Amino acid sequence: MSQEFAIVAHNLTRRFGSLTAVDHVSLHVPRAQIYGFLGPNGSGKSTTIRMLCGLLTPSEGDATVLGYNIPGQVSTLRHKIGYMTQRFSLYEDLTTIENLRFIASVYCVPHREARESIESALERYELRDLMQQRAGTLSGGQRQRLSLAAATLHRPELLLLDEPTSAVDPQSRRDFWAILFQLASEGTTILVSTHYMDEAERCHNLAILNHGVVVANGTPLDLEKRIGVSVVEIGAKSPAQVNSLLSAQSGILSVAQLGALMRVLVAHSIKNPVEYLQGLLQTLEGDVEITLTHPNLEDVFVVATQGGYAGVLA
């Protein structure tokens, strides 16, 4: 079983005084896949990642990462993982090439191998034209590519990325994910935390964290299938009136406006959600169009973080 998974964690817990930041988290992260952590700020994503790479010692529980026990074998593990933080952590006064050479020396990469790895990184991450530019003058997307180049310079088996695209534009994010899929296809296991729904949908597998607890776990498609609620779209001339009429009603879990449409999550205990909503909105008859639709990952996230998810795989 350990050969199938890059990470196996059992009841990982981290307390800071009276605060429990991570509460008995268990994970099985398959090798050579992209595994996502989705959750709001303060949900425990970063703390979990820091425990898995040995920067924090668990208050309780244990983990095996690439076959090494955490925290006992952290010193050996560190040369097999790459870690990229949300905040740019390279030296701003050094040039791109100087940063890469320094990181190669930190990981004790032999000189010839380091030279080859740096050359490869300059091409893969489109950094060759930025070789002599100081890191502090790079744009957000350029810094992101340099950070990823540095994190992968020693060819790690496992890459841990903590909200790596929070400060870049949509095109840079798309390019970044194209690189992640390429790395995964080459055998690298990637654990990435995010609060972007479109990024979470790209992951092979996904865990949703809330208040330090895994509240849902599975493939994005599987989670959508097992959401445990009905999803209804309402077209209305007066979305504000629809929101006012539905928000406090029994069986209505969420009402969100998307342009001229209202997206409503209805409890599965309501057997015919369209008829139910028609009854609640009868005063607007003729001004609304109600349609049953398919759930998306944002719907899953809303239900999971409200504590109502019906199909948790923890």
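The shown structure was predicted, so the numbers you read here are calculated from the model rather than taken from an experiment. (Residues numbered from 1 in each chain as written. Predicted model: local features only at pLDDT ≥ 70, side-chain atom pairs only at ≥ 80, totals over all residues. Heavy atoms only, no water.)

### Structural notes on unusual backbone geometry
We apply this condition: Helix and strand labels come from DSSP, where a helix needs a run of H or I of at least four residues and a strand needs a run of E of at least two; each type is numbered from the N terminus. Three labels apply to residues, based on accessible area from a 1.4 Å probe with only protein chains included: buried if under 20% of the type maximum, exposed if over 50%, partly exposed otherwise in between.
The linkage connecting I70 with the following residue, P71, adopts the cis geometry, with an omega of 10 degrees. By secondary structure assignment, the location of P71 is in the loop between β5 (68–70) and α2 (74–77). Positive phi, close to 55 degrees, is recorded for H24, a residue that is not glycine. Following the sequence through the fold, H24 ends up in strand β2 (residues 19–30). Residue class for H24 comes out partly exposed when judged on its relative accessible area of 35%. One non-glycine residue, L66, adopts positive backbone phi at about 55 degrees. Locating L66 in the fold gives a position in the loop between β4 (60–65) and β5. Overall, L66 belongs to the buried group, its relative accessible area being 8%.

### Some details on a nonpolar patch on the surface
The test is simple: Excluding any residue in a salt bridge, patches collect residues exceeding 30% relative accessible area, merging like charges within 9 Å and nonpolar Val, Leu, Ile, Met, Phe, Trp and Tyr side chains within 5 Å. Each accessible area value is a Shrake-Rupley result obtained with a 1.4 Å probe; residue values ignore everything except the protein chains displayed when judging cover. Any carboxyl oxygen of Asp or Glu that lies within 4 Å of a side-chain nitrogen of Lys or Arg is treated as forming a salt bridge with it.
Judged by side-chain polarity, Y91, F102 and V106 come together as a nonpolar surface patch covering roughly 280 Å² of accessible area. With respect to the helices and strands, F102 occurs in helix α3 (residues 96–106).

### Considerations on the pairing of strand β7 (residues 158–162)
Operational definition: Here, a strand pair is defined by DSSP locating no fewer than two bridges between the strands. By convention a crossover is right-handed if, when the strands point away from the viewer, the path from the first strand over the helix to the second runs clockwise.
Among the five residues of β7, five are classified as buried, and the element is accordingly described as predominantly covered. Side-chain alternation along β7 places L158, L160 and D162 on one buried face and L159 and L161 on a second face that is also buried. Two strands pair when backbone bridges link them, and strand β6 (residues 81–84) and β7 are joined in this way by four bridges, in the parallel orientation. Looking at β7, one finds that G82 is bridged to L159. Two elements, β7 and strand β8 (residues 189–194), share five bridges in a ladder whose sense is parallel. Across the sheet, residue L159 finds its bridge partner in β8, namely I190. Each parallel crossover has a hand, and for β7 linked through helix α6 (residues 170–185) to β8 it is right-handed.

### Description of helix α4 (residues 111–124)
To keep things clear, this is the line we draw: Any helix carries an expected span of 1.5 Å times its number of residues minus one. It is the directions from the helix axis to the C-beta atoms whose arc is reported. Two residues form a contact once any of their heavy atoms are found within 4.5 Å.
With 14 residues, α4 extends 20 Å from end C-alpha to end C-alpha; this agrees with the ideal 20 Å at 1.5 Å per step. Taken together, the buried positions of α4 are occupied by A114, S117, I118, A121 and L122. Taken down its axis, α4 places every buried residue within 135 degrees of arc, on the same side. Lining the buried residues of α4 we find α3 and α5 (140–151).

### Here's the deal with the nonpolar core
So the rule is basically this: Residues belong to a common nonpolar core when they are buried Ala, Val, Leu, Ile, Met, Phe, Trp, Tyr or Cys residues joined through side-chain atoms within 4.5 Å.
In this structure, L148, L161, L180 and I190 are the most contacted members of the largest nonpolar core, which totals 36 residues. Of all the secondary-structure elements, those providing two or more residues to this core are α3, α4, α5, β7, α6 and β8. The element that contributes the greatest number of residues to this core is α6, accounting for six residues. Setting aside residues up to four positions removed in sequence, L161 forms contacts with I49, M84, L148, F176, L180, I190, L191, V192 and S193. Of all hydrophobic cores here, the second largest spans 29 residues; its members include I7, Y35, L191 and L209.

### Quick look at the pattern of salt bridges
Under the definition given, this model contains 15 salt bridges. Taking the shortest distance from any N to any O, the salt bridge between E119 and R128 comes out at 2.8 Å. Looking at E119, the relative accessible area reads 38%, which means it is partly exposed. Residue classification places R128 among the partly exposed positions, given a relative accessible area of 32%.

### Points about the packing of aromatic side chains
Put simply, the test is: Stacked, tilted and edge-to-face pairs are distinguished by plane angle, under 30 degrees for stacked and over 60 for edge-to-face with tilted covering the rest, among Phe, Tyr and Trp rings (Trp via its six-membered ring) whose centres lie within 6.5 Å. Comment: the charge-over-ring label is applied if NZ (Lys) or CZ (Arg) is within 6 Å of the ring centre and within 35 degrees of the ring normal.
Under the criterion given, the structure shown has three aromatic pairs. Where Y91 meets F102, the ring centres are 5.4 Å apart and the plane angle is 85 degrees; that geometry is what we call edge-to-face. Highlighted residues: Y91 in the loop between β6 and α3 and F102 in helix α3, separated in sequence by eleven residues. For F102, a relative accessible area of 34% corresponds to the partly exposed category. The interplanar angle of 50 degrees and the centroid separation of 6.1 Å between the aromatic rings of W177 and F181 together place this pair among those described as tilted. Pair noted here: W177 and F181 are both in helix α6, with a separation of four residues, about one helical turn. Exposure remark for F181: the relative accessible area of 32% places this residue in the partly exposed category. Its end group placed over the ring of F88, R143 keeps NZ or CZ at 4.9 Å from the ring centre. R173 extends its terminal NZ or CZ atom over the ring of Y196, reaching a point 3.9 Å from the ring centre.

### What to know about the sheet that holds strand β12 (residues 252–258)
Keep this limit in mind: All axes here are fitted lines through C-alpha atoms, helices being fitted over the stretch that makes contact, and every angle between N-to-C directions spans 0 to 180 degrees.
In spatial order, the strands read β12-β13-β11-β14; together these four strands make up an open sheet with antiparallel pairing. Taken across any chain shown, the strands that pair with only one partner, and hence form the sheet edges, are β12 and β14 (288–293). Taking each pair of neighbouring strands and ignoring which way they run, the sheet shows an average axis angle of 20 degrees. Strand direction decides the pairing type here: strand β11 (residues 229–236) and strand β13 (residues 261–267), joined by seven bridges, are antiparallel. Bridged to V229 within β13 is A267. Running at roughly 155 degrees to β14, helix α10 (residues 273–280) makes contact with β11, β12, β13 and β14 of the sheet.

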